[in-house]
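Each chain, letter by letter, is given below.
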Amino acid sequence: MTMEEIELFQRLGLAAAIGFLVGVERGWKNRFAQDQTRVAGLRTHILIALLGAVAGLLALRLDGAFAAIAVIFGFAWGAYKFYETLFDGDISVTGLIAGLLTFALGAYAMLGNLHVAAASGVALAAVLAFKQASHDWLKALTWPEIRSALLILAATFIALPLLPDRALDPYGAFNPRQLWLLTIIIAGAGFAGYLALRILGERAGLLVGAMAGALVSSTVVTADLARRAKSGEVPPLHAAAAAALANLVMFARIGVLISLFAAPAFAAAAPAVAAACLVCLLAAGALALFAQKRESGKSERLGSPLDLKEVARFAFILSAISIGAKLIAHFFGDAGLIAFSASAGLVDVDPVALAVGGLVRGGLSAHVGAEAILLAAAVNTLSKTAIGVAAGGPRFALPYGAAAIAALTAGALAFFLY
């Protein structure tokens, strides 16, 4: 048997498998129906997929064969589904589309990419299988949630590509696309935090949402938690525990970046990073336990999933900080490494870790490199504490600030003692 024949049988088998998968889902839903009424199930969809495969194969041999078979099948299948609708009174177009897609995927399995065909078949079966779950999810959605998601999507996929991705000032500080992207991150973090609270509940939602968001920006997560705590949407101590976990993720992320991009500096930075992570974990645990006793049963109703005024306010503040940091970096340059690290750390630590990592690989002292990166982390932590004071009020800021300062102190002691 030639390789061409082997591939042909593989494609034919994939087409049958797609029909089998869709047919199992269709047949399972009608498994308790009487034999005379249980139609268009497993065997039917396997045959539909094989018909599509044969039509695709004939398309390689006879011009117009595929179009003729597809039109005939489409009309026949449509007429059958129309009769079925009249018979059982179930008005739905899903079965019609599922059959047409099964035919099309059977043909594509013969003509196209095998991986794409298999993935499409699995996706089709999954969409059909999760009918009830998708309906329940749609019933639970609110208009503000849909509107918020659409606004974020429009800002990302419509507005963002239209903005120039270059600095409009001589110092390279004002880049419209980068600043708009920061705004999208703030809005997305807030929306993700809202969804985590809504789906997972107050405690788990806050903690899981904060840790996931901190993988992108712990600064944005802290600002969002502070806002929600001050508005009464979440209890302040629970929010402070979640913010401490966000700090833990930030320090852990720094350790990973140093090990990857500034490996010679890892030995010098590791004790400080480990100490800060440990204190953040202990502080988050203590705050969560204390909050469980003090704030149990104090859950408030969720606010808006996307507060545009708050997003605009935080975006303006963080953009101003970002522009200021870039101006300082422009005037001092790499020669003023400490000034650069401190200023850039006001917003984010990752750019500092990447920039300093390049300098370390280029010959900069590993100890100096570790010092610069850890300084950026310290400034970033203090910056988030200031944001917490301004945006979250004392009931959030005091416990969070204490946890942050304790982590910084432990990190500093570990750095200078080891």
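Residues numbered from 1 in each chain as written. Predicted model: local features only at pLDDT ≥ 70, side-chain atom pairs only at ≥ 80, totals over all residues. Heavy atoms only, no water.

Can you explain the side chain of Lys-81? Please cite residues and give values.
Mapped onto the fold, Lys-81 is located in helix H3 (residues 65-88). Of the residues examined, Lys-81 reaches a relative accessible area of 14% and is grouped as buried. (Helix = DSSP H or I, 4+ residues; strand = E, 2+ residues; numbered from the N terminus. Buried < 20%, exposed > 50% of the residue type's maximum accessible area, 1.4 Å probe, protein only.)

Describe in detail the packing of aromatic side chains, supporting the description with residues and values.
For the structure on display, the rule yields 6 aromatic pairs. Taking the centre distance of 6.0 Å and the plane angle of 25 degrees together, the rings of Phe-66 and Phe-103 count as stacked. With Phe-66 in helix H3 and Phe-103 in helix H4 (residues 94-111), this pair connects stretches of sequence that are 37 residues apart. You can call Phe-103 buried: its relative accessible area is 5%. Each ring, one from Phe-73 and one from Trp-77, has its centre 6.0 Å from the other, and the planes form 20 degrees; the classification is stacked. A residue pair is termed a helical-turn pair when its members lie 3 or 4 positions apart in one helix, as Phe-73 and Trp-77 do in helix H3 at 4 residues. Of the two residues, Phe-73 and Trp-77, neither departs from the other in class, the shared state being buried. By the ring-pair criterion, three or more aromatic residues cluster together here, those being Phe-66, Phe-73, Trp-77, Tyr-80 and Phe-103. (Phe/Tyr/Trp six-rings, centres within 6.5 Å; stacked < 30°, edge-to-face > 60°.)

An account of a nonpolar patch on the surface is needed here, citing residue identities and associated values.
Among the surface-exposed residues, Trp-143, Ile-146, Leu-150, Leu-153, Phe-157, Ile-158 and Leu-162 lie close enough to one another that they form a single nonpolar patch of about 800 Å² accessible area. With respect to the helices and strands, the residue Leu-153 is situated in helix H7 (residues 143-162). Judged by its relative accessible area of 44%, Leu-153 falls in the partly exposed class. (Patch = residues over 30% accessible without salt bridge, like charges linked within 9 Å, V, L, I, M, F, W, Y side chains within 5 Å. Areas by Shrake-Rupley, 256 points an atom, 1.4 Å probe, with all protein chains shown as cover. Salt bridge = Lys/Arg side-chain N within 4 Å of Asp/Glu carboxyl O.)

So what about the packing of H7 against helix H8 (residues 176-200)? Which residues, and what values?
Interaxial distance between H7 and H8 falls to 10 Å at its minimum, and their mutual angle equals 160 degrees. Taken together, H7 and H8 sit at an angle that is classed as roughly antiparallel. H8 is crossed by H7, and the crossing has left-handed handedness. Residues Glu-145, Ser-148, Ala-149, Ile-152, Ala-155, Thr-156, Ala-159, Leu-160 and Pro-161 of H7 touch H8, and the partners they reach there are Arg-177, Trp-180, Leu-181, Ile-184, Ala-187, Gly-188, Phe-191, Tyr-194 and Arg-198. Looking at the contact of H7 with H8, its residues break down into 12 nonpolar, 3 polar and 3 charged. (Axes fitted to C-alpha atoms, helices over the stretch in contact; angles between N-to-C directions. Parallel < 35°, antiparallel > 145°, perpendicular 65-115°, else oblique. Left-handed = near helix turned anticlockwise from the far one by under 90°. Contact = heavy atoms within 4.5 Å. Nonpolar A, V, L, I, M, F, W, Y, C, P; charged D, E, K, R; others polar.)

Help me get a handle on the nonpolar core, residues and values and all.
Counting 63 residues, the largest nonpolar core has Leu-225, Phe-251, Ile-254, Ile-258 and Phe-396 as the members making the most contacts within it. The set of elements that each furnish at least two residues to this core consists of helix H9 (202-214), helix H10 (218-231), helix H11 (236-261), helix H12 (266-294), helix H14 (337-344), helix H15 (350-361), helix H16 (366-392) and helix H17 (394-417). Ranked by the residues each element gives to this core, the list is headed by H11, at 16 residues. Not counting chain neighbours up to four residues away, the residues in contact with Phe-251 comprise Val-273, Ala-276, Cys-277, Cys-280, Ala-377, Thr-381, Ala-407 and Leu-408. Among the nonpolar cores identified, the runner-up in size contains 12 residues, and Val-22, Leu-105, Met-110 and Ala-117 belong to it. (Core = buried A, V, L, I, M, F, W, Y, C linked by side-chain atoms within 4.5 Å.)

Describe the packing of H11 against H15, with residues and values.
In contact at an axis separation of 9 Å, H11 and H15 are set at 25 degrees when each is read in the N-to-C sense. Judged by the inter-axis angle, H11 sits roughly parallel to H15. Viewed along their axes, H11 and H15 form a crossing whose handedness is right-handed. Contact residues: Arg-253, Leu-257 and Phe-261 in H11; Asp-350, Ala-353, Leu-354, Gly-357, Gly-358 and Arg-361 in H15. Taken together, the residues of the contact of H11 with H15 break down into 4 nonpolar, 2 polar and 3 charged.

With reference to specific residues and values, describe the pattern of salt bridges.
Scanning the entire structure with this criterion turns up 5 salt bridges. Between Arg-26 and Glu-25 there is a salt bridge, with its nearest N and O atoms 2.8 Å apart. An identical accessibility class is assigned to Arg-26 and Glu-25; each is buried. One salt bridge in this structure joins Asp-224 and Arg-228, with 3.0 Å as the shortest N-O distance. Of this pair, Asp-224 and Arg-228 both sit in helix H10, 4 residues apart, which is roughly one turn of the helix. Side by side, Asp-224 and Arg-228 carry an identical accessibility label, which is buried. Connected through shared salt-bridge partners, Asp-224, Arg-227, Arg-228 and Glu-233 make up one network.

Now, about the environment of Ala-244: what can you tell me, with residues and values included?
Among the secondary structure elements, Ala-244 is positioned in helix H11. Spatially, the C-alpha atoms of Ala-244 and Ala-284 are 5.3 Å apart, while their sequence positions differ by 40 residues. Setting aside residues up to four positions removed in sequence, Ala-244 forms contacts with Cys-280, Ala-284, Tyr-400 and Ala-403.

Please set out the confidence of the model for the protein residue by residue, giving values where relevant.
Put simply, the protein has an average pLDDT of 83, and 87% of its residues get 70 or more. Per-element confidence in the protein is highest for H17, whose mean pLDDT is 93, and lowest for helix H13 (residues 308-332), whose mean pLDDT is 68. (pLDDT = per-residue confidence, 0-100.)

Which residues make up the side chain of Arg-228, and what values go with them?
Exposure remark for Arg-228: the relative accessible area of 1% places this residue in the buried category. Aside from chain neighbours lying at most four places away, what touches Arg-228 is Gly-190, Gly-193, Tyr-194, Leu-197, Glu-233 and Val-234.

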